[in-house]
Amino acid sequence: SLVGRLECERRKLKQGGRVMLRRRGAGRQLWGSGSGNYKTAGNHGSATVRGTTWLVADRCDGATVFKVREGTVWVEDFFKDRQVVLGAGESYVAKSPIPRLK
């Protein structure tokens, strides 16, 4: 699982009695490569792989991106409740639904 703080979240820094807010980076990510069965999970989806090279990244816009460099990856989208099979060179973005005002 991708854990820890997103790099783009605001951090409070104390300097000389002042509190400053700072933003950095574009999220958190994990490149994986290996043989065997693996499952990686972000905020909005998970990827199950078997001997491939892939990326799982949580972005600051509230989405999780899955990219495949080689092999096949099974992506589960938590919000759409569906699975997508990605091949080499393909990608998928899992987003949370946009809240609608009534």
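These figures come from a predicted structure and were not determined experimentally.

Participant: So what exactly am I meant to see when it comes to the overall build of the protein chain here?
Facilitator: For the protein chain, the helix and strand inventory stands at zero helices and eight strands. Along the chain direction, N to C, the helices and strands of the protein chain fall in the order β-β-β-β-β-β-β-β. The proportion of buried residues among the 102 residues of the protein chain is 32%. Taking contacts inside the protein chain between residues at least 6 apart in sequence as the whole, the part at least 24 apart equals 34%. Roughly 7200 Å² of accessible area belongs to the protein chain as shown, and the carbon and sulfur atoms make up 48% of that amount.

Participant: Honestly, the nonpolar core in this entry has me stumped. Any pointers?
Facilitator: Inside soluble globular proteins, nonpolar side chains tend to come together where they are buried. Among the nonpolar cores identified, the biggest contains 13 residues, and F66, V73, L86 and Y92 are the most heavily contacted of them. Of all the secondary-structure elements, those providing two or more residues to this core are β4 (45–59), β5 (63–70), β6 (73–77), β7 (82–86) and β8 (91–95). Once residues lying within four places of it in the same chain are set aside, the contact partners of L86 are F66, V68, G71, T72, V73, V75, S91 and Y92.

What counts and how
- Residues numbered from 1 in each chain as written.
- Predicted model: local features only at pLDDT ≥ 70, side-chain atom pairs only at ≥ 80, totals over all residues.
- Heavy atoms only, no water.
- Helix = DSSP H or I, 4+ residues; strand = E, 2+ residues; numbered from the N terminus.
- Buried < 20%, exposed > 50% of the residue type's maximum accessible area, 1.4 Å probe, protein only.
- Contact = heavy atoms within 4.5 Å.
- Areas by Shrake-Rupley, 256 points an atom, 1.4 Å probe, with all protein chains shown as cover.
- Core = buried A, V, L, I, M, F, W, Y, C linked by side-chain atoms within 4.5 Å.

Function cannot be read off these values alone, since they describe shape.
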